[in-house]
Amino acid sequence: MSEQGPARGQRRARRPKTSSGARKREQILDASVQVFGTGGSAAVTHRAVAEAAQVPLGSTTYYFADRDDLLLQTMAHAREAEAKRLAGIVEALDGPLSVGQAVDVLTEMFFDKTVADPLYDLALFEMFMEATRQAALRPVTRDWSAMIAALVDRVLPASDPALPRDQVVQIVACLIDGLMLEAVSNAELEVSDLSARLRVVVARLCTAEPGSRWAAENRGHRS
């Protein structure tokens, strides 16, 4: 993962950042996410990111000690941005949701943005791929999976009591991941397609009596 730069034991201390310095660092990290999402981790170099950010090469080496530092901070930046966005949606919810409402919220959280602007999602998928090769990243991906599970758990209505709740949540979260990857890799499924597929599974796992208001609502909701 390393690129020419200071040796690990000789990394420069990061200087205190001014507001303009913080903005410049943010600009570089946003560009790095773009490079990461479009070209994978191998594409993330100081030179490529500087070009994408339209800043001098010295700007990236000023804020990031070496390529490893740039790559890891890019991953952290992508995680933090997405975690903040997702938490904002969930925190605005009031009370338990029906299946139809839950699918709408999960669609807003994951599918709307994936189809419209997939770069951060692609960067996060790349992060998980890196964890298959670098065990040191696995605590990061596990923390991310746990955070997503907690959000999905909050959104889903009561599930079939015959099934362990953690398994229900994991099934739904993994389905969302798979559908997001399908959407960005094949570019064939629209948001409505993704939502419809998610609804099939959520409706099976989150129970209701036939003929109930929930069932009637779910049949016609966001179709």
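Here's a quick rundown of the structure. (Residues numbered from 1 in each chain as written. Predicted model: local features only at pLDDT ≥ 70, side-chain atom pairs only at ≥ 80, totals over all residues. Heavy atoms only, no water.)

### Some thoughts on the overall build of the protein chain
What counts, and what does not: By definition, any uninterrupted DSSP run of H or I lasting at least four residues is a helix, any uninterrupted run of E lasting at least two residues is a strand, and each is numbered from the N terminus. Relative accessibility under 20% of the residue-type maximum defines a buried residue, over 50% an exposed one, and the middle range a partly exposed one, all with a 1.4 Å probe and only protein chains included. Any pair of residues with heavy atoms lying within 4.5 Å of one another is described as a contacting pair.
The helix and strand inventory of the protein chain stands at ten helices and zero strands. Of the regular secondary structure in the protein chain, the N- to C-terminal order runs α-α-α-α-α-α-α-α-α-α. Sorting the 223 residues of the protein chain into buried and exposed places 41% on the buried side. For the protein chain, restricting intrachain contacts to residue pairs at least 6 apart in sequence, the fraction spanning at least 24 positions comes to 69%.

### Quick notes on the side chain of aspartate 121
Convention followed: Under the convention used here, Asp and Glu are negative, Lys and Arg are positive, and both His and the chain ends fall outside the count. In what follows, salt bridge is the name for a side-chain nitrogen of Lys or Arg lying within 4 Å of a carboxyl oxygen of Asp or Glu.
With respect to the secondary-structure elements, aspartate 121 resides in helix H6 (residues 119–133). Despite its burial, aspartate 121 pairs with no opposite charge; the closest candidate is lysine 113, at 5.1 Å N-O. If we ignore the near neighbours within four places in the chain, the residues touching aspartate 121 are Glu82, Phe110, Lys113, Thr114 and Met180.

### Some thoughts on helix H9 (residues 191–205)
The line we're drawing: Here the expected length of a helix is defined as 1.5 Å per residue gap, with one fewer gap than residues. Note: the arc covers the axis-to-C-beta directions of the helix.
The terminal C-alpha atoms of H9, which comprises 15 residues, lie 21 Å apart, in line with the 21 Å expected from a rise of 1.5 Å per residue. Residues Val191, Leu194, Ser195, Leu198, Arg199, Val202 and Leu205 constitute the buried set of H9. In an axial view of H9, the angular spread of the buried residues amounts to 140°, which keeps them on one side of the axis. H9 presents Ser192 and Arg204 as exposed residues on the side facing more than 90 degrees away from its buried surface.

### Considering unusual backbone geometry
We note that glutamine 54 has phi near 60°; this positive angle belongs to a residue other than glycine. Looking at the secondary structure, you find glutamine 54 in the loop between helix H2 (46–53) and helix H3 (57–63). Positive phi, close to 55°, is recorded for alanine 187, a residue that is not glycine. Looking at the secondary structure, you find alanine 187 in the loop between helix H8 (165–186) and H9.

### Section: H2
For H2, every residue scored as buried is listed here: His46, Val49, Ala50 and Ala53. Buried positions in H2, seen along its axis, are confined to an arc of 100° and lie on one side of it. The outward face of H2, more than 90 degrees from its buried face, is lined by the exposed residues Arg47 and Glu51. If you follow the buried residues of H2, they end up packed against helix H1 (19–39), H3 and helix H4 (67–91).

### Concerning the layout of surface pockets
Applicable threshold: A cavity, in this analysis, means grid points on a 1 Å lattice covering only the protein atoms where a 1.4 Å probe fits yet has no way out; a pocket is instead an open set bounded by protein on both sides within 12 Å along at least five of seven lines, and a residue lines either one if it has an atom within 4 Å of a point. Grid points are joined across faces, edges and corners, and a volume is the space filled by probe spheres set on the points. Gly is placed with the polar residues, together with every amino acid not listed as nonpolar (Ala, Val, Leu, Ile, Met, Phe, Trp, Tyr, Cys and Pro) or charged (Asp, Glu, Lys and Arg).
Estimated volume of the largest pocket: approximately 440 Å³. Those elements giving two or more residues to the lining of the largest pocket turn out to be H4, helix H5 (99–116), H6, helix H7 (138–155) and H8. Among the elements that take part in the lining of the largest pocket, H8 stands out by supplying seven residues, more than any other. Grouping the constituent residues of the lining of the largest pocket by class yields 13 nonpolar, two polar and six charged.

### Brief notes about the nonpolar core
So the rule is basically this: In plain words, nonpolar cores are sets of buried Ala, Val, Leu, Ile, Met, Phe, Trp, Tyr and Cys residues tied together by side-chain atoms within 4.5 Å.
Residues Leu106, Met109, Phe110 and Val152 are the most contacted members of the largest nonpolar core, which totals 58 residues. Looking at this core, the elements that each hand over two or more residues are H1, H2, H4, H5, H6, H7, H8 and H9. Residues in contact with methionine 109, not counting those within four places in the same chain, are Arg85, Leu86, Ile89, Val90, Leu151 and Val155.

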